[in-house]
Amino acid sequence: MGVEPLRAPQDPPATGTFSAERLAAKALEARLLGGERKLRRREVAAGAGLSLLSARKLWRALGFPNLGDEDVAFTERDQAALSTVVDLVRTGKLTEEAAISVTRSIGQMTDRMVVWQIEALVEDMVHQQGVPDAVARKRLVNELPALVDALEEMLVYSWRRQLNAGVQRLAVRAEAGLQASEEGREGDEDDAPLPLARAVGFADLVSYTSLSRRMNEKTLAQLVQRFENKCAEIISVGGGRLVKTVGDEVLYIAETPAAGAEISLALAEAFTQDEILPEARVSLVWGRILSRLGDIYGPTVNLAARLTALADPGTVLVDSVTAAALDSDERFVLVPQPAETVRGFGEILPVLLSRGSGRGLVLD
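Since we're looking at a predicted model, the values are computed, not measured.

Colleague: Got a minute to help me understand the pairing of strand 1 (residues 196–205) in this structure?
Modeller: On a regular strand, each side chain points to the face opposite its neighbour's, so the side chains alternate between the two faces of the sheet. By the criterion of burial, strand 1 is predominantly enclosed, with 10 of the 10 residues buried. Two strands pair when backbone bridges link them, and strand 1 and strand 4 (residues 280–292) are joined in this way by 10 bridges, in the antiparallel orientation. Paired with Asp204 across the strands is Arg281, a residue of strand 4.

Colleague: What am I meant to see in the pairing of strand 3 (residues 249–254) here?
Modeller: Of all 6 residues making up strand 3, 5 are buried, and the element is well covered by its neighbours. Across 6 bridges, strand 1 lies against strand 3 in antiparallel orientation. By the bridge assignment for strand 3, Phe202 is matched with Leu251. Bridge analysis of strand 2 (residues 241–246) against strand 3 gives 5 bridges, and the strand direction is antiparallel. By the bridge assignment, Lys244 is partnered in strand 3 with Leu251. The hairpin turn running from strand 2 into strand 3, its antiparallel successor, is 2 residues long, and Gly247 in that turn takes a positive phi close to 60°.

Colleague: What should I look at first to understand the pattern of salt bridges in this one?
Modeller: As a working rule, side chains carrying opposite charge can pair if their charged atoms are close by. Within the structure shown, the criterion is met by 17 salt bridges. Put simply, Arg41 and Asp69 hold a salt bridge, and the shortest N to O gap is 2.8 Å. Of the two residues, Arg41 is situated in helix 2 (residues 41–47) and Asp69 in the loop between helix 3 (52–62) and helix 4 (76–90); the sequence distance between them amounts to 28 residues. In this structure Arg41 comes out as buried when scored by relative accessible area, which is 10%. In this structure Asp69 comes out as partly exposed when scored by relative accessible area, which is 28%. For the salt bridge of Glu96 with Lys57, the shortest nitrogen-to-oxygen distance reads 3.7 Å. Taken together, the residues Glu96 in helix 5 (residues 96–129) and Lys57 in helix 3 connect sequence positions 39 residues apart. With a relative accessible area of 42%, Glu96 lands in the partly exposed category. Relative accessible area serves as the criterion here: at 33%, Lys57 is assigned to the partly exposed category. Three or more residues are tied together by salt bridges with common partners; here these are Glu262, Glu269, Asp329, Arg331 and Arg355.

Thresholds applied
- Residues numbered from 1 in each chain as written.
- Predicted model: local features only at pLDDT ≥ 70, side-chain atom pairs only at ≥ 80, totals over all residues.
- Heavy atoms only, no water.
- Buried < 20%, exposed > 50% of the residue type's maximum accessible area, 1.4 Å probe, protein only.
- Helix = DSSP H or I, 4+ residues; strand = E, 2+ residues; numbered from the N terminus.
- Pairing = 2+ DSSP bridges.
- Salt bridge = Lys/Arg side-chain N within 4 Å of Asp/Glu carboxyl O.

Here it is as structure tokens:
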């Protein structure tokens with residue numbers, strides 16, 4: 001069960017007294033929010049020079065709950081943050097639409113990150129301190145103050161590194177990727193208008209549904225976590241990006257067919273050799289995509305998903321275009337398979353990808 005960060009104002013007990021736990025929670029809240037809640041939503045909006053409607057748009061983008069006019073829910077830091085976004089629009093650095101989109105990205109990503117971090121800390125306390133889950137969640141309020149500065153520092157550090165890497169992938173090298181994807185194409189393909197060339201891969205655990213029915217909640221959570229951790233490690237070492245994980249399936253991309261092939265083979269091999277996880281079906285398609293809201297779209301993604309369903313456990317399938325792009329690379333062996341009729345694509349020619357010369361990805 002997810003634990004949501006404190007957002008809504010809370011009234012003190014009617015007696016006017018506070019328990020030690022409540023005092024600790026209030027102290028932590030004041031530290032995280034930059035002070036005591038003293039402002040109502042209209043006061044914050046007016047202080048930033050915004051209408052309440054415009055302010056609410058930004059708060060909704062951040063994922064904040066809807067509050068009433070009389071709720072004393074905000075601090076001066078809330079007003080300063082609102083003013084920062086407003087200034088970006090007023091100085092012409094961002095349009096209002098772009099500002100809301102960027103704000104929504106921050107809200108959604110930090111919300112998921114916070115839930116992940118809280119659950120990880122709770123789980124660690126349960127194991128290390130030998131306390132029940134409910135007790136660990138209460139103790140977390142006292143544990144967090146010693147971690148806040150370090151977590152914030154790592155967040156900003158990681159964001160800067162990731163932003164730099166994203167600029168390189170999505171701007172600096174984008175044109176080179178499109179030029180590289182021209183080979184073997186006629187120019188009238190369904191994905192031709194899309195702006196980015198990427199190797200798109202899927203990895204899907206075999207028999208996950210039947211396994212999940214036989215597992216208790218704790219064992220299933222450990223299996224999913226092991227799957228996600230292994231995928232994330234292999235994809236990052238291979239220079240790719242994990243786009244998303246949905247239950248038993250992971251979607252990833254790489255900038256070149258060769259990089260995507262190395263990641264795909266490493267994933268198939270890792271799950272085949274794992275003593276706990278089942279084998280995986282893996283696919284890879286080199287083509288063009290649309291990147292929006294942290295996700296990817298287009299026929300290339302759809303074809304990769306279809307190929308995954310055709311792959312045998314422990315194997316990697318690619319399409320004929322991807323096979324042609326990899327054909328001269330001695331690191332890979334490509335074996336054509338019988339033609340298959342695939343919904344939305346008609347007849348396609350799957351190709352089995354296997355390892356040729358070389359060591360493949362080396363994981364520490």
